[in-house]
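Below are the chains, spelled out letter by letter.
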Amino acid sequence: MVKVDTPTLEQISAGLIRVKAKQKPLYPYPPDLQMGYDKVVLAFLMSGKPDLAPASVPEFYELCEQPLSEWGVEIDDEIDSDESLLFFSEPTELTIELAEAFGGSVLSQEQGKIATKLLQHCHSHPQGIQIYTKFRRFIVEHPVLSNQEFVEAKGNFGLGVGLSELLDECYEPIPSCHELEGNFYACPYCYALAGIDFSKQVIANSCCNRCPPGRRLKRKIKLPDNCLKLKRSIERFWFYPGRAEIQLYQKLLDIKLDVELYPERDSYDIKIKFNDGEVWALDLKDYSNPYLLVRNLGDEPIPSEPEWNVAYIVIPAERKKDRPAYLKELKSKWRWENVKPIFDDAVFALAKKKAGLVEDYSEVSEELNKETTQNKSPTKKKGTHT
Ligand SMILES: [Zn+2]
């Protein structure tokens with residue numbers, strides 16, 4: 001069997017994102033795409049099947065639209081071979097996650113630049129913390145905008161705030177490939193822009209985390225003309241995880257907990273302070289692949305400031321639908337003792353219990369029981385993290 005390892009897939013992914021970012025013909029090929037392709041060809045050669053290898057980079061690029069299972073190669077079990085790297089020439093979620101593991105992609109660099117500008121601006125502004133939260137929240141609530149709404153937003157973030165120009169950097173005109181008979185549509189689940197396939201159907205976009213990419217949308221939202229959409233980098237790193245962050249934040253507020261969104265300008269996502277003084281730090285991570293999430297967490301998954309006693313990496317429970325063993329897979333590679341992985345519904349239940357808001361314990365799902373059992377491990381440290 002021809003074996004293609006994950007680092008090769010990571011390199012190919014970095015190359016595919018580069019192709020998309022330059023928005024030009026495939027040639028000249030990005031070096032990572034060329035090198036990744038060479039490694040695939042080499043794998044076929046080594047297995048004595050050179051005839052079965054894709055004949056050229058363009059042919060290989062076409063193959064990237066097909067599920068990995070169609071490549072005629074064996075890949076690591078950690079990667080789902082039903083997935084493809086491209087979807088109507090857009091890099092898929094898997095591709096973005098693989099490219100991140102390769103040392104960052106142009107997408108995360110773009111998002112990083114915008115994040116730095118926002119942080120620098122908010123540091124120098126007396127209402128910086130409120131402005132930061134307001135801006136991030138606006139992005140999460142507006143994956144698409146009419147021109148009119150955009151002009152209004154620029155006004156709101158303009159005078160006295162100074163972020164009007166940064167808004168320009170977050171949005172772009174909708175590419176015409178999203179148009180169907182003069183109209184644009186959004187997904188009814190995530191509200192982001194929907195795609196259009198070759199047979200003129202409105203379909204879920206490639207990073208919708210509610211519907212599999214390419215699934216025809218029965219319900220859809222018709223958008224006004226002249227809309228703008230979030231740039232892909234902002235969509236991927238702020239909008240999709242941000243939805244779960246804001247939903248969880250809102251639920252915690254609704255039960256009257258003392259919560260802060262993006263404390264200290266985004267050290268982590270949510271800070272909960274309980275009546276007994278205990279502080280929880282929550283950081284949401286929305287990855288389709290749990291192994292790639294672990295690879296991207298780094299040595300300190302949650303910064304130690306502002307101080308906390310208990311810290312969680314929180315995964316949107318929606319991820320369970322596509323991958324029922326998500327948490328188990330994540331835990332099999334988990335290497336941090338003071339930070340635990342948990343689903344958002346479970347951490348909400350735990351917070352509710354901690355705040356004494358659950359009288360009938362049967363109300364809390366078995367999810368919670370699982371989490372509690374797991375927390376009894378001898379490695380658990382509850383002391384203040386410094
Ligand atoms: Zn969607």
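Residues numbered from 1 in each chain as written. Predicted model: local features only at pLDDT ≥ 70, side-chain atom pairs only at ≥ 80, totals over all residues. Heavy atoms only, no water.

- With an unreviewed UniProt entry as reference, the protein is termed REase associating with pPIWI RE domain-containing protein, source organism Dulcicalothrix desertica PCC 7102.

## Side note on the packing of aromatic side chains
Ring pairs (aromatic) are described by centroid distance and by the angle formed between their planes.
Here is step 1 of the chain: Counted under the stated rule, the structure contains 14 aromatic pairs.
Here is step 2 of the chain: Measuring from ring centre to ring centre gives 5.5 Å for Phe138 and Phe157, while their planes differ by 70°; the resulting arrangement is edge-to-face. Of this pair, Phe138 sits in helix 6 (residues 128-141) while Phe157 sits in the loop between helix 7 (147-156) and helix 8 (164-170), and the two are 19 residues apart along the sequence. Taken individually, Phe138 and Phe157 each receive the classification buried, so the pair is uniform in this respect. (Phe/Tyr/Trp six-rings, centres within 6.5 Å; stacked < 30°, edge-to-face > 60°. Helix = DSSP H or I, 4+ residues; strand = E, 2+ residues; numbered from the N terminus. Buried < 20%, exposed > 50% of the residue type's maximum accessible area, 1.4 Å probe, protein only.)

## Topic: the pairing of strand 14 (residues 339-343)
Here is step 1 of the chain: For strand 14, a buried count of 5 out of 5 residues is recorded, marking the element as mostly surrounded by other parts of the structure.
Here is step 2 of the chain: Judged by which residues are buried, strand 14 turns out to be covered on both faces: Val339, Pro341 and Phe343 on one side and Lys340 and Ile342 on the other are all buried.
Here is step 3 of the chain: Relative to strand 14, strand 13 (residues 310-315) runs parallel, the two being bridged by 5 bridges. Residue pairing in the sheet places Ala311 in a bridge with Val339 of strand 14. (Pairing = 2+ DSSP bridges.)

## Section: the sheet that holds strand 14
Here is step 1 of the chain: As summarised here, the arrangement of the 5 strands in space is 10-11-12-13-14, forming an open sheet in which the pairing is mixed. Looking at which strands have only one partner, the edges of the open sheet turn out to be strand 10 (258-261) and strand 14. Recorded for the sheet is a direction-independent mean angle of 25° between the axes of neighbouring strands.
Here is step 2 of the chain: Along the sheet, helix 14 (residues 344-354) contacts strand 11 (270-273), strand 12 (279-284), strand 13 and strand 14; its crossing angle with strand 14, the most-contacted strand, is approximately 105°. (Axes fitted to C-alpha atoms, helices over the stretch in contact; angles between N-to-C directions. Contact = heavy atoms within 4.5 Å.)

## A few points about the sheet that holds strand 3 (residues 144-146)
Here is step 1 of the chain: Ordered in space as 3-9-4, the 3 strands form an open sheet in which the pairing is antiparallel. Looking along the sheet, the strands with just one partner apiece sit at the ends: strand 3 and strand 4 (171-173). Strand-to-strand twist across the sheet, computed as the mean angle between neighbouring axes with direction ignored, equals 35°.
Here is step 2 of the chain: When strand 4 meets strand 9 (residues 227-230), the two strands line up antiparallel, connected through 3 bridges. Looking across to strand 9, one finds that Tyr171 is bridged to Leu230.
Here is step 3 of the chain: Across the face of the sheet, helix 7 comes into contact with strand 3, strand 4 and strand 9 while running at roughly 95° to strand 3.

## Quick look at the pairing of strand 10
Here is step 1 of the chain: Taking every second residue as pointing to the same face, the buried face of strand 10 carries Val259 and Leu261, while none of Asp258 and Glu260 on the other face is buried.
Here is step 2 of the chain: Sheet topology places strand 10 next to strand 11; 4 bridges connect them, and they run antiparallel. Its bridge partner being in strand 11, Asp258 is matched across the sheet by Lys273.

## Re the side chain of Ser146
Here is step 1 of the chain: Structurally, Ser146 is set in strand 3.
Here is step 2 of the chain: You can call Ser146 buried: its relative accessible area is 11%.
Here is step 3 of the chain: Ignoring anything within four residues of it in the chain, the contact list for Ser146 reads Pro224, Asn226 and Cys227.

## Describing the packing of helix 6 against helix 9 (residues 232-254)
Here is step 1 of the chain: Look at helix 6 against helix 9: their axes get within 8 Å of each other, and the N-to-C directions meet at 105°. The angle between helix 6 and helix 9 falls in the class roughly perpendicular. Contact residues: Phe135, Arg136, Arg137, Ile139, Val140 and Glu141 in helix 6; Ile234, Trp238, Phe239, Gly242, Arg243, Glu245, Ile246, Tyr249 and Gln250 in helix 9.
Here is step 2 of the chain: When its residues are assigned to classes, the contact of helix 6 with helix 9 shows 8 nonpolar, 2 polar and 5 charged. (Parallel < 35°, antiparallel > 145°, perpendicular 65-115°, else oblique. Nonpolar A, V, L, I, M, F, W, Y, C, P; charged D, E, K, R; others polar.)

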